[in-house]
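Topology and contacts: notes
The primary structure of each chain is shown beneath.
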Amino acid sequence: MNHLSIPCPTCATPIPFDPALLISGQQFACPKCASMIGISRESIPLAKEAFEKQKQLKKQNT
Amino acid sequence: MKVAQFIDVIHRAIQSSNETLTRQQTNIFETYFEPAGDPEDIDSSLEAVINDMRLALQSGENNAEAQEHILGRLKKQIHEIALHPSKTGTLKPKTITIQMPEQTADGVRMSEVHVPLLAIIPCSNTKVAETRIKASVNLREENSELLVELLKGQPAGNAGETSIGNTVIDITIAPQESTEGLKALTAGIERSLRSQLPL
């Protein structure tokens, strides 16, 4: 899950991010236009829930 | 045991593992999607009942049975909508809000982009990749039928392995490539993100 990217809202260049760090509040910069993206405080619980469920599922299947 | 039965047991073990994986993956779908509801569906169902009521009133119908029937339909519709909102429409992806600073004439302000959760925390996709079977068997023929006889005294399966007599089935699961559905969803997510790009 460490090689994800999201299109930059300004120039559409993929911005690589780590979901665990994004959820922890870290911001990520667009490699082309340097726009910063970060998750809103209100969205953290939902993202954290999905992240934990995926982590649990992965653990069960290893 | 007939050879066909022996193979069937192995097939069932693999199938059961795959079904468990699918179930686990399906169970967390509700984390990513929520009922969208379809106001048009709800409106048309309720409108039909309301229309019946209007017709009954216009005709001056004073039939208790007919009134009861209409009220029953109305109650059923409301009950259905309350209990199963997903039945009235489709699912929509849950979204999270991504913030980014934007330079405006009034200074820097935070703009927001709504991103499907699936784009941030992707669904894991696993399948049974390999099945190894260790077995000591005797093959013999009886009435023109090939029989498998499992030999005793073989080492038992390790933890995590399914043991059938002295046969060990070792199932390995591994991530698989995204399904076509997931690829289509990802493409949709990208289109949705692009549509939110400032002009």
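Residues numbered from 1 in each chain as written. Chains lettered and ligands numbered in written order. Predicted model: local features only at pLDDT ≥ 70, side-chain atom pairs only at ≥ 80, totals over all residues. Heavy atoms only, no water.

Pairing in this open sheet of 4 strands is antiparallel, and the strands run β3(A)-β4(A)-β3(B)-β4(B) from one edge to the other. The sheet is open, and its two borders are formed by β3 (28-29) of chain A together with β4 (107-116) of chain B, each paired with just one other strand. As defined by bridge partners, strand β3 (residues 95-104) of chain B adjoins β4(B) across 10 bridges and the pair is classed as antiparallel. Bridge pairing in β4(B) places B:Q103 opposite B:V108. (Pairing = 2+ DSSP bridges. Helix = DSSP H or I, 4+ residues; strand = E, 2+ residues; numbered from the N terminus.)

Relative to the helices and strands, A:S40 resides in the loop between β4 (36-39) and α2 (44-60). The class of A:S40 is buried, set by a relative accessible area of 0%. Along the chain, A:S40 and A:L22 lie 18 residues apart, while their C-alpha atoms are 9.9 Å from each other. Contact partners of A:S40, with chain neighbours within four places excluded, come to B:T97 and B:Q99. (Buried < 20%, exposed > 50% of the residue type's maximum accessible area, 1.4 Å probe, protein only. Contact = heavy atoms within 4.5 Å.)

The next point concerns the interface of chain B and chain A. With 30 residues of chain B at the contact, the number on the chain A side is 29 residues. Both faces considered, chain B and chain A share a buried interface measuring about 2500 Å² in area, 68% of it formed by carbon and sulfur atoms. Three residues stand out in chain B for area buried against chain A, namely B:M100, B:I120 and B:I121, and they jointly supply 20% of the buried area on that side. At the boundary of chain B and chain A, one finds 0 salt bridges. At the boundary of chain B with chain A, the tally comes to 5 residue pairs in polar contact (both at pLDDT 80 or more). (Buried area = accessible area lost by both parts, 1.4 Å probe. Salt bridge = Lys/Arg side-chain N within 4 Å of Asp/Glu carboxyl O. Polar contact = N/O pair within 3.5 Å; in protein donor to acceptor, adjacent residues only side chain to side chain.)

Further remarks concern the packing of aromatic side chains. Residue and element names in this part refer to chain A. Counted by the stated rule, this structure contains 1 aromatic pair over all chains. Between F17 and F28, the ring centres sit 6.4 Å apart and the planes meet at 70°, which makes this aromatic pair edge-to-face. Note that F17 is positioned in strand β2 (residues 14-17) and F28 in strand β3, a separation of 11 residues in sequence. The exposure class of F17 is buried, given its relative accessible area of 3%. (Phe/Tyr/Trp six-rings, centres within 6.5 Å; stacked < 30°, edge-to-face > 60°.)

Let's shift gears to the pattern of salt bridges. Residue and element names in this part refer to chain B. Tallied over the entire structure, the rule returns 3 salt bridges over all chains. With a shortest N-O distance of 3.1 Å, D8 and R12 are connected by a salt bridge. Placement of both D8 and R12 in helix α1 (residues 3-27) is noted, with a separation of 4 residues, approximately one turn of the helix.

All names here are of chain B. Structurally, P122 can be placed in the loop between α5 (117-120) and β5 (126-134). Residue P122 is classed as partly exposed on the basis of its relative accessible area of 22%. When the C-alpha positions of P122 and Y32 are compared, they lie 9.4 Å apart, and in sequence the two are 90 residues distant.

Once that is clear, we can look at unusual backbone geometry. Glycine aside, negative phi is the norm for most residues, and most peptide bonds take the trans geometry. Residue and element names in this part refer to chain B. One non-glycine residue, N143, adopts positive backbone phi at about 50°. By secondary structure assignment, the location of N143 is in the loop between β6 (137-142) and β7 (145-150). Given a relative accessible area of 73%, N143 falls into the exposed group. A positive phi is found at S144, a non-glycine position, where the angle reads about 60°. Note on placement: S144 falls in the loop between β6 and β7. Residue classification places S144 among the exposed residues on the basis of a relative accessible area of 70%.

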